[in-house]
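Each chain, letter by letter, is given below.
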Amino acid sequence: MVVDDMSTSRGILTQCLDELGVSNYMVENNGQSAFQKLVANPVHLVLSDYNMPGMDGLGLLKALREHRVTQRVGFILVTGKPTPEIVEVGRRLAMNNIIRKPFTVATMKQAIEQVVGRL
């Protein structure tokens, strides 16, 4: 699942999935609607922006872990400012990776492959 409030970022993230041959994915523009869909439709990987209105990326990850939607979901957080606090909270919640914006398609594809390879 791709979760980002900016259509340009969603487009780049879906391009990465397309180039990796992933054809069955969901796209949401906010954390709350993503969480609702993930409760009903667990996935293997979530690519989420950090800074979104309402529920941010870490809030989404925390909600997934607390509700045990799936403990084996891979989670990559994308942010322009990966602060030490974001990194620490992400680690405690078993986040797989943080990718700093702006990122290249090659960097994101590599991160996705690494996470999926561990699941």
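The structure we're discussing is the one just above.
Worth saying up front: this structure is predicted, and the values here are computed from it rather than measured.

When helices and strands are tallied, the protein chain shows five helices and five strands. Each helix and strand of the protein chain, placed in order from N terminus to C terminus, yields the pattern β-α-β-α-β-α-β-α-β-α. Taking 119 residues into account, the globule formula puts the C-alpha radius of gyration at 14 Å, and the protein chain, at 13 Å, falls close to it. Its C-alpha atoms put the protein chain at 30 × 30 × 30 Å along the principal axes. The burial tally for the protein chain puts 41% of its 119 residues in the buried class. Taking as baseline every contact in the protein chain between residues at least 6 positions apart, the subset at least 24 positions apart corresponds to 61%. Counting every atom, the protein chain has about 6400 Å² of accessible surface; 50% of that belongs to carbon and sulfur. Of the side-chain charges in the protein chain, 13 are positive and 11 negative, and the distance between the mean point of each set is 5 Å.

The biggest cluster of nonpolar side chains holds 20 residues, and the ones touching the most others in it are V3, L38, V46, L60, L64 and F75. Residue assignment for this core shows that the elements contributing at least two residues are helix 2 (31-40), helix 3 (57-66) and strand 4 (74-79). Per element, the largest residue contribution to this core is five residues, and it comes from helix 3. One finds L17, L47, I76 and V115 within the second-largest nonpolar core, a separate group that totals 14 residues.

Criteria and thresholds
Residues numbered from 1 in each chain as written. Predicted model: local features only at pLDDT ≥ 70, side-chain atom pairs only at ≥ 80, totals over all residues. Heavy atoms only, no water. Helix = DSSP H or I, 4+ residues; strand = E, 2+ residues; numbered from the N terminus. Rg over C-alpha atoms; globule rule 2.2 N^0.38 Å. Buried < 20%, exposed > 50% of the residue type's maximum accessible area, 1.4 Å probe, protein only. Contact = heavy atoms within 4.5 Å. Areas by Shrake-Rupley, 256 points an atom, 1.4 Å probe, with all protein chains shown as cover. Lys, Arg positive; Asp, Glu negative; His and termini not counted. Charge placed at Lys NZ, Arg CZ, Asp CG, Glu CD. Core = buried A, V, L, I, M, F, W, Y, C linked by side-chain atoms within 4.5 Å.

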